[in-house]
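Coordinate inspection notes
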Amino acid sequence: MSRFDDLGVLEEIFGRRGTGPLAGVVVADLSRVLAGPYATMLLADMGATVIKVESTTGDDARAWVPPHRDGESTFFLSVNRNKQSISLDFSDPAQLKVVERIIARADVLVENFKPGGLRRYGLDYESVSAWRPDLVYASITGFGTAGGADLPGYDLLAQALSGMMSLTGSESGEPYRAGVALFDVITGLHAVSGILGAFHERQGSGTGQHVELNLLTSALSGLVNQSAAYVAGGSVPTRMGNEHPSLYPYEPFPTQDKNMVIAVGNNGQFTRLCQCLGAPELAVDERFATVGARNANRVELRQLLIDGLSTRNAADWFERLKAAQVPCAPILGVDEGVHFAEGLGLEPVVMAGSGERKIPTVRHPVDFSRTPVDYTHAPPRLDGDRDRVMAWLERVEPEVRKAS
């Protein structure tokens, strides 16, 4: 919990119920676009009071349309609920002082400016830690602060430079990017993990620290077995389309109407698959009886599986294979995926906000049994919470202030 504010003050001014596990924690959010805002939204969902400090033109993602909802970018809406927005011009001394006052009351600061970009305002880690040694200060860059400092921090560049795109697409086709800014999201998740680790340590030591992340390191970590194939095994992975380098069958297969994924991870699952297909003899055929044999003879096995699957549609096979505990899934659109999750009782869509401003958003990925997350605030309009933030700052100021 913040050293400077109690739950009563935060709830009175910002209207948060204070139920989440981070209730009472204050975050100064100087980030924009995706990795940083995704991280701070997850913190906000868990009860943290997040002050989103935007430029006078706003977070770049506000202009990223289409698609939109009532003129607002759905990209921006996806990662900014439960925050308070104030727009400030860092080059104006009076407005910069407001930024400093926000930082003075915060437990955590998150920023993704270009390396060195905040130094001109005296808001870099070295400067801020001199007067707020207890602050957890998280910096997100594209490619670090050394040789990659001048590279723009775009997810697509990280997908290209990490090797991700060399692994995505058909074997004989061109490289493809993932259908979402995957490494921005992974970096945001890593940021939450690092922030919480540093915050926990601060509870004992009383001292904050600099938590640094970059897209490329997160990408290489996120490639897991593929990056390990080279680092530990000296093998350079290549594109295999939808196939898996170590498992088979583990890809989409055509059925009577559309494709479905079959993901067999062991011999028992393969035996049950063969039984469902009416071909139990395949499970004991020496060409397919083991993981290694199936990998070596995947071309021949694929055709046999296609022949068997051609007799029914994907929905029928899904029910039959699911009942036999064979991992499988029809390939759905995003709309169908949301509805499928609803059918499982996962309640993927939650309304953020209240009154006239309610925005449908995707629920927080973690459920807490005692300290539930809430969705009190819709994604903020630019500078929409200035009065609240300034009223909060007018309360008793913290003793620690930036030296003149």
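Everything below is about the structure printed above this text.
A brief look at the structure comes next. (Residues numbered from 1 in each chain as written. Predicted model: local features only at pLDDT ≥ 70, side-chain atom pairs only at ≥ 80, totals over all residues. Heavy atoms only, no water.)

Within the sequence span of helix H13 (residues 314–323), burial applies to Ala314, Trp317, Phe318 and Leu321. The buried residues of H13 occupy an angular sector of 105° when the element is viewed end-on, so they sit on one face. Within H13, the exposed residues directed more than 90 degrees away from the buried face are Ala315 and Ala323. One side-chain oxygen of the residue at the start of H13 lies 3.2 Å from the amide nitrogen of Ala315, identifying that residue as Asn313. Just beyond H13, the residue with positive phi is Gln325, at close to 60°. (Buried < 20%, exposed > 50% of the residue type's maximum accessible area, 1.4 Å probe, protein only. Helix = DSSP H or I, 4+ residues; strand = E, 2+ residues; numbered from the N terminus. Arc of directions from axis to C-beta. Polar contact = N/O pair within 3.5 Å; in protein donor to acceptor, adjacent residues only side chain to side chain.)

Our focus in this paragraph is the packing of helix H1 (residues 7–14) against helix H15 (residues 386–393). Relative orientation of the contacting elements H1 and H15 amounts to 150°, with a least axis distance of 9 Å. Taken together, the axes of H1 and H15 lie roughly antiparallel to each other. Where H1 crosses over H15, the handedness of that crossing is right-handed. Only Arg388, Val389, Ala391 and Trp392 of H15 make contact with H1, whose side of the interface consists of Val9, Leu10, Ile13 and Phe14. In terms of residue class, the contact of H1 with H15 is built from seven nonpolar, no polar and one charged. (Axes fitted to C-alpha atoms, helices over the stretch in contact; angles between N-to-C directions. Parallel < 35°, antiparallel > 145°, perpendicular 65-115°, else oblique. Left-handed = near helix turned anticlockwise from the far one by under 90°. Contact = heavy atoms within 4.5 Å. Nonpolar A, V, L, I, M, F, W, Y, C, P; charged D, E, K, R; others polar.)

The next subject is the pattern of salt bridges. As enumerated under the stated definition, the model contains 21 salt bridges in all. Measuring nitrogen to oxygen at the nearest pair gives 2.6 Å for the salt bridge that ties Arg287 to Asp285. Arg287 gets classed as partly exposed once you look at its relative accessible area, which sits at 28%. With a closest N to O distance of 3.8 Å, Glu347 and Arg363 form a salt bridge. On the criterion of sequence distance, the pair formed by Glu347 in the loop between helix H14 (334–343) and strand E12 (349–354) and Arg363 in the loop between strand E13 (357–362) and H15 is long-range, its members being 16 residues apart. Looking at Glu347, the relative accessible area reads 54%, which means it is exposed. Exposure remark for Arg363: the relative accessible area of 22% places this residue in the partly exposed category. (Salt bridge = Lys/Arg side-chain N within 4 Å of Asp/Glu carboxyl O.)

In this fold, Ser218 is placed in helix H8 (residues 215–222). Since its relative accessible area comes to 4%, Ser218 is described here as buried. A polar contact of 2.9 Å, which involves the side chain of Ser218, links it to the side chain of His190. Every residue in contact with Ser218, bar those within four places of it in the chain, is listed here: Ile186, Thr187 and His190.

Strand order in the open sheet made by the three strands is E9-E10-E11, with antiparallel pairing throughout. Taken across any chain shown, the strands that pair with only one partner, and hence form the sheet edges, are strand E9 (250–254) and strand E11 (328–330). Taken over all neighbouring pairs, the strand axes of this sheet differ in orientation by 25° on average, direction set aside. Judged from the five bridges that link them, E9 and strand E10 (residues 259–263) form a sheet pairing that is antiparallel. (Pairing = 2+ DSSP bridges.)

What follows deals with the side chain of Thr255. If you trace the backbone, Thr255 turns up in the loop between E9 and E10. Using a relative accessible area of 11% as the deciding quantity, one classes Thr255 as buried. A polar side-chain atom of Thr255 sits 2.5 Å from the main-chain carbonyl oxygen of Lys258. Leaving out residues up to four positions away in the same chain, Thr255 has contacts with Met260, Leu309, Arg312, Asn313, Ala314 and Trp317.

Let us look at the sheet that holds strand E1 (residues 26–30). The strand order across the open sheet built from six strands is E5-E2-E1-E6-E7-E8, with neighbouring strands paired in parallel fashion. Strands at the two margins of the open sheet, each flanked by one partner only, are strand E5 (83–87) and strand E8 (210–214). Here the strands of the sheet are splayed against their neighbours by 20° on average, with no regard to which way each runs. With five bridges connecting them, strand E2 (residues 49–54) and E5 associate as parallel partners. If you follow Glu54 over to E5, its bridge partner there is Ser87. Sheet strands touched by H15: E1, E2 and E5. Its angle to E5, the strand with the most contacts, is close to 90°.

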